[in-house]
Amino acid sequence: MSGTDMHPTPATAVPASSWRRWSLLVPVLVVASAGLVAAHFSFEGDSFQNCRYLGPSTRMYVTAWAGPVCALAALLLLTSLRSGARRRGQRPGAAWQGRVAVVAVCLVPVLLLVQLAALAWLYEPDPSGGHDCSGLAQVLDPVAAGPLA
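What this report covers is the structure whose coordinates are included nearby. Everything numeric in this text was worked out from a predicted model, so none of it was measured.

1. Digging into the overall build of the protein chain
Right, on to step 1. Scanning the protein chain from N- to C-terminus turns up seven helices and two strands.
Right, on to step 2. Written out in order from the N terminus, the α and β elements of the protein chain read α-α-β-β-α-α-α-α-α.
Right, on to step 3. With the model as given, the accessible surface of the protein chain reaches about 9,800 Å², and the carbon-plus-sulfur share is 67%.

2. Looking at the packing of helix α3 (residues 58–87) against helix α4 (residues 96–105)
Right, on to step 1. Viewed as axis vectors pointing N to C, α3 and α4 meet at an angle of 145°, and their least axial separation amounts to 10 Å. When you trace α3 past α4, the crossing you get is left-handed. Taking contact as the criterion, the partners of A74, L75, L78 and R82 in α3 are, on α4, A101, V102 and V105.
Right, on to step 2. Here the contact of α3 with α4 is composed, by residue class, of six nonpolar, no polar and one charged.

3. A word on a nonpolar patch on the surface
Right, on to step 1. A surface patch of nonpolar side chains, about 290 Å² in accessible area, is lined by W22, L25 and V28.
Right, on to step 2. By the secondary structure assignment, L25 is in helix α2 (residues 25–42).

4. Focus: the packing of α2 against α4
Right, on to step 1. Between α2 and α4, the shortest axis-to-axis distance is 8 Å and the interhelical angle comes to 25°. Here α2 lies roughly parallel to α4, going by the angle between them. The two elements α2 and α4 meet at a crossing, and its hand is left-handed. When α2 is examined against α4, the residues V26, P27 and V30 are found in contact with a partner set consisting of V100, A101, A104 and V105.
Right, on to step 2. Here the contact of α2 with α4 is built from residues that sort into seven nonpolar, no polar and no charged.

5. Notes on the nonpolar core
Generally speaking, a soluble globular protein has its nonpolar side chains buried in company with each other.
Right, on to step 1. In terms of nonpolar packing, the biggest core is built from 20 residues, with V26 and V30 touching the most fellow members.
Right, on to step 2. At the level of elements, α2, α3, α4 and α5 (108–122) are the ones that each hand at least two residues to this core.
Right, on to step 3. The element contributing the most residues to this core is α3, with seven residues.
Right, on to step 4. If sequence neighbours within four positions are ignored, V30 has contacts with A74, A104, V105, L107, V108 and L111.
Right, on to step 5. In terms of nonpolar packing, the next biggest core, distinct from the first, is built from five residues, M60, A64, L119 and L122 among them.

6. Description of α5
Right, on to step 1. Given a rise of 1.5 Å per residue, 15 residues ought to cover 21 Å, and the 20 Å separating the end C-alpha atoms of α5 matches this to within 8%.
Right, on to step 2. Listed in full, the buried residues belonging to α5 are V108, L111, L112, Q115, A118, L119 and L122. Along the long axis of α5, the arc covered by the buried residues comes to 125°, so they all point the same way. Structural note: α5 exposes V110 and L113 on the side pointing more than 90 degrees away from its buried face.
Right, on to step 3. On its buried face, α5 is in contact with α2, α3 and α4.

7. Things to note about the side chain of Q115
Right, on to step 1. You can see Q115 is positioned in helix α5.
Right, on to step 2. Here Q115 is in contact with S33, V37, G67, P68 and A71, once residues within four sequence places are set aside.

8. A few points about α2
Right, on to step 1. For α2, which comprises 18 residues, the first-to-last C-alpha distance of 25 Å matches the rise-based estimate of 26 Å (1.5 Å per residue) to within 8%.
Right, on to step 2. Among all positions of α2, only V26, P27, L29, V30, S33, L36, V37 and H40 are buried.
Right, on to step 3. Of the surrounding elements, those touching the buried residues of α2 are α1 (18–23), α3, α4 and α5.

What counts, and at which threshold
Throughout this document, residue positions are counted from 1 along each chain, in the order its sequence is written. Reporting in this predicted model follows two pLDDT cut-offs: at least 70 for local features of residues, and 80 or more for side-chain atom pairs to be given and counted; totals over whole chains, interfaces and linings ignore these cut-offs and use all residues. Calculation of side-chain values draws on the structure's entire complement of heavy atoms; hydrogens and water are dropped beforehand. In this text, helices come from DSSP runs of H or I with a minimum length of four residues, and strands from runs of E with a minimum of two, each type numbered from the N-terminal end. We get accessible surface area from the Shrake-Rupley algorithm with a probe of 1.4 Å; when it comes to residues, only the shown protein chains can shield them. Interaxial angle, 0 to 180 degrees, is taken between N-to-C directions of lines fitted to C-alpha atoms, where a helix line uses only the stretch in contact. In this scheme, a crossing is called left-handed if the near helix is turned counterclockwise away from the far one by less than a right angle; it is called right-handed if the turn is clockwise. Any two residues whose heavy atoms approach within 4.5 Å at even a single point are treated as in contact. Residue polarity follows a fixed list, in which Ala, Val, Leu, Ile, Met, Phe, Trp, Tyr, Cys and Pro are nonpolar, Asp, Glu, Lys and Arg are charged, and the others, Gly among them, are polar. A residue counts toward a patch only above 30% relative accessible area and without a salt bridge, and it is joined to like-charged neighbours within 9 Å or, for Val, Leu, Ile, Met, Phe, Trp and Tyr, to nonpolar neighbours within 5 Å. Just to be clear on terms, a salt bridge is a Lys or Arg side-chain nitrogen sitting within 4 Å of an Asp or Glu carboxyl oxygen. Each angle is binned into one of four classes, with values under 35 degrees roughly parallel, values over 145 roughly antiparallel, values of 65 to 115 roughly perpendicular, and all other values oblique. Here the nonpolar core consists of buried residues drawn from Ala, Val, Leu, Ile, Met, Phe, Trp, Tyr and Cys, with membership extended through side-chain atoms lying within 4.5 Å. Only protein chains enter the area calculation, which uses a 1.4 Å probe; residues under 20% of their type maximum are buried, those over 50% are exposed, and those in between are partly exposed. In this scheme, a helix's expected span is set at 1.5 Å multiplied by one less than its residue total. Directions are taken from the helix axis to each C-beta atom, and the arc is the one they span.

Below is the structure:
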């Protein structure tokens, strides 16, 4: 066994620009997360049909859960790309791709707050209290409405 056999073969080096290409996925994930929030709120009309409460639709559940997943994926991707670049002795903030990714991730906390509020709203009980048309039965029911004075 020679002296060169004892050294392990070096791993294939990752090109210096690979983290730059991958960091462009961060703003894409943030935009997708924002789009999912907008889509979720646009599906709000799915809950009622012909004055009957149907509950949240499947697409409301999908968009409510996919939004935070995209936001957290953007945050984790940026963190791992930056730590990988620093391990290789690179400065991720020096390239424009890294700066764009950091700016995009600054929106993630706001998006997560809105998305968590949307998730909480999604799992709330029936807002009409079991009566259709968001409590219209209380107006039509003289006992529930109370005496008219």
